[in-house]
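What follows is the residue order along each chain.
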Amino acid sequence: MIKKTLFITSVLLLLGSLYIFGNNGIKEILPQLDDLSYEALLKGEIISSTTLEGNKITQFFPPNTYGEKNAAIAQLGENSFSLTALSYIPYGPKLKAMSKEERQLAIFNTMRAISTQEGITYISFRAGNKPRVLIEKSRYIEGPKNRTSNIPDPVETTFPLSANSYVYQKDSTFSGNVYEHIYTNSQDEIYVSIKNLDSMRAYGIATAVPKEKLSIALGTYQLEEGLLMYALTTIVDREPKIKVLWYTVDLPSSFKRRVTALMEWFVARLDTLEMSN
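Please read these numbers as outputs of a predicted model, since none were measured by experiment.

> Quick question: what am I supposed to make of the nonpolar core here?
One broad rule of soluble globular proteins: the nonpolar side chains tend to lie buried together. Membership of the largest hydrophobic core comes to 45 residues, with the highest contact counts inside it found for L251, F255 and F266. Per-element tally for this core: the top contributor is helix α7 (residues 251-275), with ten residues. Setting aside chain neighbours within four positions, we find L251 in contact with F81, A208, I235, R238, E239, P240 and I242. Of all hydrophobic cores here, the second largest spans 22 residues; its members include Y38, L86, Y88 and A217.

Here you go:
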């Protein structure tokens, strides 16, 4: 009877460990995360960190990826600070039924549908921690000198390892700006680095982030049962908090809220993909 009980207990523990450590591959690919972070990801929460106060951030990125490489560089950066965010998105039936190659192409086209970012909201501190429209205008343009052009969201039929494009976005805080989007991809990872080609002026008054001093990167990494999505934001030559007239802009908090909104937008777009014919 004792042996039988011990056997049943061992089986239950084994099944539990298989669920916790092997069901979706998060623990294998991100072994440095603590259990609380891992549990938060499984609940659909976004976890985050920052290099302020000397914190490390490379543990948020799969090894040997473009994300990890750039996080390691950001971690050592001088006169700059970086913040990162990570989420886990289980595949829906449609994505799960695809081959890895088909899924990668679908994810890539979803990420590039930037016109659908118009109207997305974020939680605004100035509005009393209530939703506020983040992006008022969002479109592809021909180049930095032709910001009035309007190019439809590109849709690829084969998955590219690289892509380069220009985007105009009007932000509720930083007004209209041109950004360069540079994709570097692999069979597992889609990674886009976004650079500001204009100085970003807070409320049209003062420069919050000078030209080419902001880098926002978004990446996805395919696991067997779901998708990791991570973000890395780096701001150079600026203090974390800046003064605009009588108002203090907390840049880490501001960009964390924006990155969260972008990640939520992407999840919503994947949901739309699941419901499409």
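That covers the picture; the talk isn't over yet.
> For this particular structure, what's the right way to read unusual backbone geometry?
Backbone phi values are negative for most residues with the exception of glycine, while trans is the configuration of most peptide bonds. A positive phi angle, near 55°, is found at N79, a position not held by glycine. Looking at the secondary structure, you find N79 in the loop between α4 (66-75) and β2 (80-90). Given the relative accessible area of 52%, N79 is considered exposed. Non-glycine residue S175 carries a positive phi angle of around 60°. The partly exposed category is assigned to S175, whose relative accessible area is 31%.

> Looking at this model, I keep getting lost on empty space enclosed by the protein. Mind explaining?
Over the atoms rolls a probe the size of a water molecule, and in doing so it shows where empty space is left. On inspection of all chains with the given rule, the structure shows two cavities of 30 Å³ or more. Its boundaries defined by the atoms lining it, the largest cavity holds a volume of some 290 Å³. Forming the walls of the largest cavity are 21 residues, and the residues nearest its centre are I135, Q169, I194, I216 and L262. If you list the elements that add at least two residues to the lining of the largest cavity, you get β6 (162-171), β7 (175-185), β8 (189-196), β11 (214-222) and α7. For the lining of the largest cavity, a count of residues per class yields 16 nonpolar, three polar and two charged.

> I'm lost on the sheet that holds β2 in this one. Help?
Strand pairing in a sheet relies on backbone hydrogen bonds. The paired strands run either parallel or antiparallel. Spatially, β1-β2-β12-β11-β8-β7-β6-β5 is the arrangement adopted by the eight strands of the open sheet, whose pairing is antiparallel. In this open sheet, the two edge strands, each paired with only one partner strand, are β1 (47-50) and β5 (135-141). Each neighbouring strand pair of the sheet contributes to a mean axis angle of 20°, computed without reference to strand direction. Relative to β11, β8 is paired through seven bridges, and the arrangement is antiparallel.

> In this structure, what is going on with the confidence of the model for the chain? I would like to understand it.
Detailed reading of the predicted coordinates is not advisable wherever pLDDT is low. Across the chain, the average pLDDT comes to 87, with 89% of residues at 70 or higher. Looking across the chain, the model is least confident in helix α1 (residues 2-22), with a mean pLDDT of 40, and most confident in helix α6 (residues 100-111), with 98. Throughout residues 1-23 the model reports pLDDT below 50, and contacts reaching past four residues in sequence, or to other chains, amount to eleven contacts.

> I tried to follow the packing of aromatic side chains on my own but got confused; where do I start?
Aromatic rings considered in pairs are described by the distance between their centres and by the relative angle of their planes. Evaluated as defined, the whole model comprises six aromatic pairs. Pairing Y66 with Y191 gives two aromatic rings, centres 6.4 Å apart and planes at 35°, and the pair type is tilted. Taken together, the residues Y66 in helix α4 and Y191 in strand β8 connect sequence positions 125 residues apart. Judged by relative accessible area, which is 3%, Y191 ranks as buried. Relative to F255, the ring of F174 lies with its centre 5.7 Å away and its plane at 10°, an arrangement referred to as stacked. Separated by 81 residues along the polypeptide, F174 in the loop between β6 and β7 and F255 in helix α7 bring together distant segments of the chain. A single burial state applies to F174 and to F255, both of which are buried. One aromatic cluster in this structure is built from F108, F159 and Y183. Above the plane of the ring of Y91 lies R103, whose end atom (NZ or CZ) is 4.3 Å from the centre. When the ring centre of Y122 is taken as reference, the NZ or CZ atom of R258 above it lies at 4.7 Å.

Calculation criteria
- Residues numbered from 1 in each chain as written.
- Predicted model: local features only at pLDDT ≥ 70, side-chain atom pairs only at ≥ 80, totals over all residues.
- Heavy atoms only, no water.
- Core = buried A, V, L, I, M, F, W, Y, C linked by side-chain atoms within 4.5 Å.
- Buried < 20%, exposed > 50% of the residue type's maximum accessible area, 1.4 Å probe, protein only.
- Helix = DSSP H or I, 4+ residues; strand = E, 2+ residues; numbered from the N terminus.
- Contact = heavy atoms within 4.5 Å.
- 1 Å grid on protein atoms, 1.4 Å probe; cavity = no way out; pocket = protein on both sides within 12 Å on 5 of 7 lines; lining within 4 Å.
- Points joined across faces, edges and corners; volume = space filled by probe spheres on them.
- Nonpolar A, V, L, I, M, F, W, Y, C, P; charged D, E, K, R; others polar.
- Pairing = 2+ DSSP bridges.
- Axes fitted to C-alpha atoms, helices over the stretch in contact; angles between N-to-C directions.
- pLDDT = per-residue confidence, 0-100.
- Phe/Tyr/Trp six-rings, centres within 6.5 Å; stacked < 30°, edge-to-face > 60°.
- Lys NZ or Arg CZ within 6 Å of the ring centre and 35° of its normal.

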